[in-house]
Amino acid sequence: MLIKLLLVIGVIAAVYFFFIKKSTPLTKERHDKKRKENDDETMVECTVCSTFITTNEAIIVDKKFYCSTECRDKA
Ligand SMILES: [Zn+2]
């Protein structure tokens, strides 16, 4: 009887951990996506004229940010 009870607990635990394991990558993926979206909206300063632009608008050369090709050429 006790062995049967332990077996039932074991099965419940296995199912529980299976679902926890299964749901974890989804949660992680969602977090990564959110972080990526936030990165795109990060404001950075133009190295030349100090204008603030978002990272997805900025021109990035040698890890420096430029608001336009003109500023990039000036640098
Ligand atoms: Zn600029």
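Below, the structure is looked at part by part. Since the structure is predicted, the reported quantities are computational estimates derived from the model, not experimental observations. (Residues numbered from 1 in each chain as written. Predicted model: local features only at pLDDT ≥ 70, side-chain atom pairs only at ≥ 80, totals over all residues. Heavy atoms only, no water.)

### Observations concerning the overall build of the protein
Okay, so step 1: Counting secondary structure elements, the protein contains 2 helices and 4 strands.
Okay, so step 2: When the elements of the protein are put in sequence order from the N terminus, they spell out α-β-β-β-β-α.
Okay, so step 3: The 75 residues of the protein split such that 11% are buried.
Okay, so step 4: Long-range contacts, defined here as pairs at least 24 residues apart, represent 6% of the contacts in the protein between residues at least 6 apart.
Okay, so step 5: On the protein, roughly 6800 Å² of surface is accessible, and the fraction owed to carbon and sulfur atoms is 63%. (Helix = DSSP H or I, 4+ residues; strand = E, 2+ residues; numbered from the N terminus. Buried < 20%, exposed > 50% of the residue type's maximum accessible area, 1.4 Å probe, protein only. Contact = heavy atoms within 4.5 Å. Areas by Shrake-Rupley, 256 points an atom, 1.4 Å probe, with all protein chains shown as cover.)

### Observations regarding the coordination of the zinc ion
Okay, so step 1: Donor atoms from the polypeptide that coordinate the zinc ion comprise Cys46 (SG), Cys49 (SG), Cys67 (SG) and Cys71 (SG), at 2.2 to 2.3 Å from the metal.
Okay, so step 2: Each of the 4 donor atoms bound to the zinc ion contributes to angles spanning 105 to 113°, and the resulting shape is tetrahedral.
Okay, so step 3: Donor residues binding the zinc ion come from one chain and are separated in sequence as C-x2-C-x17-C-x3-C. Linking Cys46 in the loop between β1 (43-45) and β2 (52-54) with Cys67 in the loop between β4 (64-66) and α2 (69-74), this pair joins segments that are 21 residues apart in sequence. (Donors = N, O, S within 2.8 Å, 3.2 Å for Na, K, Ca; no water. Tetrahedral: all angles 85-135°; square planar, octahedral: opposite > 155°, others 65-115°.)

### A few points about unusual backbone geometry
Okay, so step 1: You will see that Ser50, though not glycine, has its phi angle at about 65°, which is positive.
Okay, so step 2: One can find Ser50 in the loop between β1 and β2.
Okay, so step 3: Residue classification places Ser50 among the partly exposed positions, given a relative accessible area of 40%.

### What to know about the nonpolar core
Okay, so step 1: Grouped together as the largest cluster of nonpolar side chains are 6 residues: Val44, Cys46, Ile53, Ala58, Tyr66 and Cys71.
Okay, so step 2: Among all residues touching Cys71, those that are not within four sequence positions of it are Cys46, Val48, Cys49 and Tyr66. (Core = buried A, V, L, I, M, F, W, Y, C linked by side-chain atoms within 4.5 Å.)

### Structural notes on the pattern of salt bridges
Okay, so step 1: Tallied over the entire structure, the rule returns 1 salt bridge.
Okay, so step 2: The partner of Arg72 in a salt bridge is Asp73, and the shortest N-O contact between them spans 3.4 Å.
Okay, so step 3: Look at Arg72 and you get partly exposed, because its relative accessible area is 34%.
Okay, so step 4: Since its relative accessible area comes to 56%, Asp73 is described here as exposed. (Salt bridge = Lys/Arg side-chain N within 4 Å of Asp/Glu carboxyl O.)

So yeah, pure geometry; function would need other evidence.
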